[in-house]
Amino acid sequence: MQKNSIGKSITLILQIGLTMMVSIFLCLWAGIWLNNKFNTVWFVPLFLVLGIGGGFNSAWKLVKSYAKKDESTEAKTNEYIENLKAEGRKNKELRK
């Protein structure tokens, strides 16, 4: 169970990194292309900010979905532990 959790964490980190890089570099490329096409200088900063914002937004959604799945798993585990504790108490009372 521990190995699976580590694997999921590494996958999440890689997904966040790739999402951020792709968003930033695509927007940066678009800004440079538009600057060259229209002979301006303000497209690169604008698109860079948009790329960073889009990357953070996507990363936030990834982390939220991962945390939601993790909370669900944790709730099931806690319920299972509570059931085991209750059974242990019942067995203890029966032995008396």
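Residues numbered from 1 in each chain as written. Predicted model: local features only at pLDDT ≥ 70, side-chain atom pairs only at ≥ 80, totals over all residues. Heavy atoms only, no water.

Enquirer: Got a sec to walk through helix α2 (residues 43-95)? Specific residues and values, please.
Expert: Taking 1.5 Å of rise per residue, 53 residues should cover 78 Å, and α2 covers 77 Å from first to last C-alpha, within 8% of that figure. Restricting attention to buried positions, one finds in α2 the residues Phe-43, Gly-51, Gly-55 and Ala-59. (Helix = DSSP H or I, 4+ residues; strand = E, 2+ residues; numbered from the N terminus. Expected span 1.5 Å × (residues − 1). Buried < 20%, exposed > 50% of the residue type's maximum accessible area, 1.4 Å probe, protein only.)

Enquirer: Can you lay out a nonpolar patch on the surface for me, pointing to particular residues and giving the numbers?
Expert: Taken together, the side chains of Val-41, Trp-42, Leu-46 and Leu-50 define a hydrophobic patch exposed on the protein surface, amounting to about 440 Å² of accessible area. When you line up the elements, Leu-46 lands in helix α2. The exposure class of Leu-46 is partly exposed, given its relative accessible area of 39%. (Patch = residues over 30% accessible without salt bridge, like charges linked within 9 Å, V, L, I, M, F, W, Y side chains within 5 Å. Areas by Shrake-Rupley, 256 points an atom, 1.4 Å probe, with all protein chains shown as cover. Salt bridge = Lys/Arg side-chain N within 4 Å of Asp/Glu carboxyl O.)

Enquirer: Now, about the packing of aromatic side chains: what can you tell me, with residues and values included?
Expert: Counting across every chain of the model gives 3 aromatic pairs. Taken together, a centroid distance of 4.2 Å and an interplanar angle of 25 degrees make the contact between Trp-42 and Phe-43 stacked. These aromatic residues form a ring-pair network of at least three members: Phe-38, Trp-42, Phe-43 and Phe-47. (Phe/Tyr/Trp six-rings, centres within 6.5 Å; stacked < 30°, edge-to-face > 60°.)

Enquirer: Let's hear about unusual backbone geometry: which residues, and what values?
Expert: A positive phi angle is found at Asn-39, which is not glycine, with a value near 55 degrees. Structurally, Asn-39 is set in the loop between α1 (2-38) and α2. For Asn-39, a relative accessible area of 71% puts it in the exposed group.

Enquirer: Which residues make up the side chain of Ser-23, and what values go with them?
Expert: Mapped onto the secondary structure, Ser-23 falls in helix α1. You can call Ser-23 buried: its relative accessible area is 19%. One polar contact links the side chain of Ser-23 to the main-chain carbonyl oxygen of Thr-19, over a distance of 3.0 Å. The contacts of Ser-23, once residues within four sequence positions are left out, are Gly-51, Gly-54 and Gly-55. (Polar contact = N/O pair within 3.5 Å; in protein donor to acceptor, adjacent residues only side chain to side chain. Contact = heavy atoms within 4.5 Å.)

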